Amino acid sequence: MKHKIPFLLLGGMTFNAVHAQRWNIVYIMSDDHSYQAISAYGHQLSRQAPTPNLDRLAERGMLFRRAYVENSLSTPSRACLMTGMYSHQSGQRTLDCPIDPNAPFVSEYLQQAGYQTGMVGKWHMLCEPKGFDSYHVLPGQGDYYNPRFRTKDSGGKYVEEKGYATNLITDHAIEFLETRDKTKPFALFVHHKAPHRNWMPPLDMLGLYEDVEFPLPQTFRDDYATRGRAAHDQQMSIAKDMEMCYDLKVTQIKPGMGYTHERNGDGFRHQLSRLSPEQRAQWEAVYNPRNQAMLDSNLTPDELLEWKFQRYIRDYMRVIHSIDEQVGRLLDYLEANGLMENTMVVYTSDQGFYMGEHGWFDKRFMYEESFRTPLLVCAPGMKGGEKCDALVQNIDFAPTFLDIADAEKPRQMVGTSLLPVMEHGGKAPKDWRQYLYYHYYDCPAEHNVMRHDGVSDGRFKLIHFYGPKGSYDELYDLRRDPNELNNVIAKKKYAKHLSRLQGQLDAFRTEQKVDEW
Ligand code: SGN
Ligand code: CA
């Protein structure tokens, strides 16, 4: 093994001694799950909608306070996970451009190292699942209700299953564990779809949180006064871009009623068409009276904006509640079968998400809420309740898994195994990265977020926005201004930090051969 730092724990067992045993890996990743919505992170939103099962992972393991993605979008983020490479290296820069077909996946290396591998849930890559002994995947974004899945044996066909996506994905995860070859270690990837837009909760949770008033974030009415055009021109605002029918489920909206233009009515009708007539009636019995009450109360524009926020957050938190419940079910299975003794469990998201901060939903920006992602890791021999402030990134997962499997990290993987950080109780070892690199490429595209790249050392952040209409930079002092409301790029006082970060950004682009694209 590469890390031989003894770390003595109560009971005399060392973290490292256990680590040498080629743990199993259960990697759980939910789509668009913000850290604000996990109570272990202590955010005001989650206090009213706690996640006790996800918190179990933090209590028994480690909570990462500075976990980030490289490109805050599903397919590119999944490519970082599978390849351990940055977007420009794997080719997966946007949702639509193709990944390098020759880029090897960590699942393939794990198989070569003798692991049995499985993948269930949202795959959302532009290539076939590779390196998996078995898979059970949704088409594209997948459906919430009675979704269709494809397996290795379904002859390329998607087959409908009865139930809610999160529960079915958990069923198939447990099925993998039940039927696995017990002579081999395993790596199971469980990719939940449900927190993704348009936040359709399971039918038995439609009543949850209806009486809860979720607090508005401090930056809800941000006017972007100190920023450049990207923050002004985005199309992800709750006020202007959230759709009354598709996002907010007000089915009674008709053209001419003066509400937001409905772009994705078809998407919504499709979601509802997945319900059986009885389920549809159940759904309407809950939403229709709520909607009618809102429509009858002739809200002012400001009241309507707050109503939209509450409807959005309540539905989102309902979806999260079911994720928490189903993760709990999977953890119970692992515990009941003695698997927690030799399995590392990871919980994360494919990126962060805006819960009304800056007035937004969606992700994509290098600002903290979307750049950061939740990360909880629980492994055998850990002390529990530890917090990590080292700068970690989604390109680190593949090297971590290979470290566990005692396999060499291939040269193309630019990430670093997280095991040394875990062995140091969450402290960054001396040679750990001091800067994170970020790059978002998907423009022009939905939500209209300008392309940008940048670096952050956790204290300061430099962002370079670029596009056909010109380019500009923003600089933030994250300690003084954690909400990133004050772009200090022009302040003399910050000149030294600006030139240091600019030097890092230039060096990174040169070393890693990044182009503006
Ligand atoms: C869909 C959503 C977008 C979302 C992207 C990417 N629109 O296109 O709001 O940003 O997915 O999400 S929708 O009208 O189809 O819901 S990602 O998580 O897959 O990257
Ligand atoms: Ca996502």
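Think of each chain on its own: its residues are numbered from 1, step by step along the sequence as written. Chain labels run from A onward and ligand labels from 1 onward, assigned in the order the entries are written. Reporting in this predicted model follows two pLDDT cut-offs: at least 70 for local features of residues, and 80 or more for side-chain atom pairs to be given and counted; totals over whole chains, interfaces and linings ignore these cut-offs and use all residues. Side-chain measures here rest on the full set of heavy atoms in the structure, leaving out hydrogens and waters.

Quick look at the overall build of the protein now. Secondary structure elements are taken from DSSP: a helix is a run of H or I of four residues or more, a strand is a run of E of two residues or more, and numbering for both begins at the N terminus. For the protein, the helix and strand inventory stands at 15 helices and 16 strands. Computed over C-alpha atoms, the radius of gyration of the protein comes to 23 Å, within 12% of the 24 Å expected from 2.2 N^0.38 for 517 residues, which places it in the range of a compact globule. Seen through its C-alpha atoms, the protein measures out along the principal axes to roughly 65 × 60 × 45 Å. Partly exposed describes any residue whose relative accessible area lies between the buried limit of under 20% and the exposed limit of over 50%, with all areas from a 1.4 Å probe on protein chains only and scaled to the type maximum. Split into buried and exposed, the 517 residues of the protein put 62% on the buried side. Computation of the radius of gyration draws on C-alpha atoms alone. For the globule rule, the value is 2.2 Å times the number of residues to the power 0.38.

A few words on the sheet that holds strand β14 (residues 451-456). Here the rule is simple: two strands pair whenever DSSP picks up at least two bridges between them. The 4 strands lie next to each other as β13-β14-β15-β16, forming an open sheet whose pairing is antiparallel. Strands at the two margins of the open sheet, each flanked by one partner only, are β13 (436-440) and β16 (472-477). Averaged over all pairs of adjacent strands, the angle between their axes in this sheet comes to 15°, without regard to strand direction. Where β14 meets strand β15 (residues 460-466), 6 bridges bridge the pair, whose relative direction is antiparallel. Each residue of the ladder has a partner; that of Ser456, found in β15, is Lys461. Here a residue-residue contact requires only that any non-hydrogen atoms of the pair lie within 4.5 Å. Note on method: axes are straight lines fitted to C-alpha atoms, helices fitted across the in-contact stretch only, with angles between N-to-C directions ranging 0 to 180 degrees. In this fold helix α15 (residues 495-511) packs onto β13, β14, β15 and β16, with an angle of close to 60° to the strand it touches most, β15.

Right, let's talk about the layout of surface pockets for a bit. Only protein atoms enter the 1 Å grid used here. Points where a 1.4 Å probe fits but cannot escape make up a cavity, open sets with protein on both sides within 12 Å along at least five of seven lines make up a pocket, and a residue lines them when an atom lies within 4 Å of a point. Grid points are joined across faces, edges and corners, and a volume is the space filled by probe spheres set on the points. Considered as a void within the structure, the largest pocket measures approximately 550 Å³ in volume. In this structure, the largest pocket is lined by 22 residues; those nearest its centre are Tyr35, Glu368, Arg372, Pro482 and Asn483. Note that Gly is not counted as nonpolar here; it falls among the polar residues with everything else outside the nonpolar set of Ala, Val, Leu, Ile, Met, Phe, Trp, Tyr, Cys and Pro and the charged set of Asp, Glu, Lys and Arg. A breakdown of the residues in the lining of the largest pocket according to their chemical character gives 5 nonpolar, 7 polar and 10 charged.

The next thing to look at is the sheet that holds strand β1 (residues 24-30). With mixed pairing, 10 strands are arranged side by side in an open sheet as β7-β6-β5-β4-β8-β1-β9-β10-β2-β11. At either end of the open sheet lies a strand with only one pairing partner, and these are β7 (159-160) and β11 (386-388). Strand direction decides the pairing type here: strand β4 (residues 116-122) and strand β5 (residues 134-138), joined by 5 bridges, are parallel. Following the sheet pairing, Val120 is matched in β5 by His136. Across the sheet, helix α3 (residues 52-60) lies against β2 (62-64), β9 (343-349), β10 (375-378) and β11, angled at about 60° from β10, the strand it touches most. Seen against the sheet, helix α7 (residues 165-179) touches β4, β5, β6 (148-151) and β8 (186-192) and runs at an angle of roughly 175° to β8.

Let's shift gears to the coordination of the calcium ion (ligand 2). Coordinating donors are taken to be N, O and S atoms lying within 2.8 Å of the metal, or within 3.2 Å when the metal is Na, K or Ca; because water is excluded from the atom set, some sites may appear incomplete. The coordination sphere of the calcium ion (ligand 2) contains the protein donors Asp31 (OD), Asp32 (OD), Asp350 (OD), Asp350 (OD) and Gln351 (OE1), at a distance range of 2.2 to 2.7 Å. Every angle between 85 and 135 degrees makes a four-donor site tetrahedral, while opposite donors more than 155 degrees apart, with all other angles between 65 and 115, make a four-donor site square planar and a six-donor site octahedral; other sites are irregular. For the calcium ion (ligand 2), the 6 donor atoms are set out with angles of 52 to 173° between them, so the coordination reads as irregular. If you list the donors of the calcium ion (ligand 2) from N- to C-terminus, the spacing comes out as D-D-x317-D-Q. Here Asp32 is found in the loop between β1 and α2 (44-47), whereas its partner Asp350 is found in the loop between β9 and α12 (368-371), with 318 residues between them in sequence. Residue Asp350 is classed as buried on the basis of its relative accessible area of 0%.

Okay, the environment of Arg480 next. Structurally, Arg480 can be placed in the loop between β16 and α15. Linking Arg480 and Arg459, residues 21 residues apart in sequence, is a C-alpha distance of 9.0 Å. Excluding anything up to four places from it in sequence, Arg480 contacts Arg459, Lys493 and Tyr494. For this analysis, a polar contact is any N or O atom pair within 3.5 Å, provided that within protein one partner can donate a hydrogen and the other can accept it, and provided that sequence-adjacent residues contribute only side-chain to side-chain pairs. At 3.5 Å, the side chain of Arg480 and the side chain of Tyr494 are in polar contact.

It is worth spelling out the nonpolar core at this point. Side-chain atoms within 4.5 Å link the members of a nonpolar core, which is a set of buried Ala, Val, Leu, Ile, Met, Phe, Trp, Tyr and Cys residues. By size, the foremost hydrophobic cluster in this structure holds 47 residues, and its most contacted members are Phe64, Phe189, Phe401 and Met422. Examining the composition of this core, we find that 5 residues originate from one element, helix α13 (residues 397-404), more than from any other. Residues in contact with Phe401, not counting those within four places in the same chain, are Ile25, Tyr27, Leu81, Val106, Leu110, Phe189, Met344 and Val346. Listed in part, the 43 residues of the second largest apolar core include Phe214, Met244, Ile320 and Phe361.

We call a residue near a molecule or strand as soon as one heavy atom of that residue lies within 4 Å of the molecule or strand. Inspection of the region around ligand 1 gives 20 residues, with Tyr246, Asn264, Asp362, Arg364 and His447 positioned closest. A distance of 3.5 Å separates an oxygen atom of ligand 1 from a polar atom in the side chain of Gln351. At 2.7 Å from an oxygen atom of ligand 1 is found a side-chain nitrogen or oxygen belonging to His447. In isolation ligand 1 has 460 Å² of accessible area, and contact with the protein removes 90% of it. Its residues placed into classes, the shell around ligand 1 shows 3 nonpolar, 7 polar and 10 charged. Exposure was quantified through the Shrake-Rupley algorithm and a 1.4 Å probe, taking into account, for residues, occlusion by the shown protein chains and nothing else.

Looking now at the pairing of β16. Successive side chains on a regular strand alternate, one facing one side of the sheet and the next facing the other. Where burial is concerned, most of β16 is hidden: 5 out of the 6 residues are buried. Hairpin geometry of β15 and β16 is characterised by an intervening segment of 5 residues between the two adjacent antiparallel strands and by a positive phi of about 115° at Gly470.

With that settled, consider the side chain of Ser30. Within the fold, Ser30 resides in strand β1. Relative accessible area serves as the criterion here: at 0%, Ser30 is assigned to the buried category. Filtering out sequence-adjacent residues up to four positions away, Ser30 remains in contact with His192, Pro195, Ile323, Tyr347, Thr348, Ser349 and Asp350.

To continue, consider the side chain of Asp32. Residue Asp32 is classed as buried on the basis of its relative accessible area of 1%. Within the structure, Asp32 has its side chain in polar contact with the side chain of Gln351 (distance 3.0 Å). Residue contacts for Asp32: discarding those within four places in its chain leaves Pro195, His196, Arg197, Tyr316, Ser349, Asp350, Gln351, Phe353 and Lys363.

This paragraph deals with the pattern of salt bridges. What makes a salt bridge here is a side-chain nitrogen of Lys or Arg within 4 Å of a carboxyl oxygen of Asp or Glu, nothing more. Counting across every chain of the model gives 42 salt bridges. Between Lys363 and Asp32 there is a salt bridge, with the nearest N and O atoms lying 3.0 Å from each other. Placement of the pair is Lys363 in the loop between β9 and α12 and Asp32 in the loop between β1 and α2, with a sequence separation of 331 residues. Here Lys363 matches Asp32 in class, with each residue buried. We note a salt bridge from Arg221 to Asp302, for which the minimum N-O separation is 2.8 Å. Of this pair, Arg221 sits in the loop between β8 and α8 (229-233) while Asp302 sits in helix α11 (residues 301-336); the two residues are 81 residues apart in sequence, bridging distant segments of the chain. A relative accessible area of 43% means that Arg221 is categorised as partly exposed. Overlapping salt bridges bring together Glu210, Glu213, Lys249, Arg290, Arg314, Asp315 and Arg318 as one network.

Another point: the domain arrangement of the protein. Boundary definitions for the domains trace back to an automatic or database domain assignment. Taken as a whole, the protein is organised into domain 1 (10-199 + 314-428), domain 2 (231-312) and domain 3 (450-511). The C-alpha centroid of domain 3 is placed 37 Å from the C-alpha centroid of domain 2.

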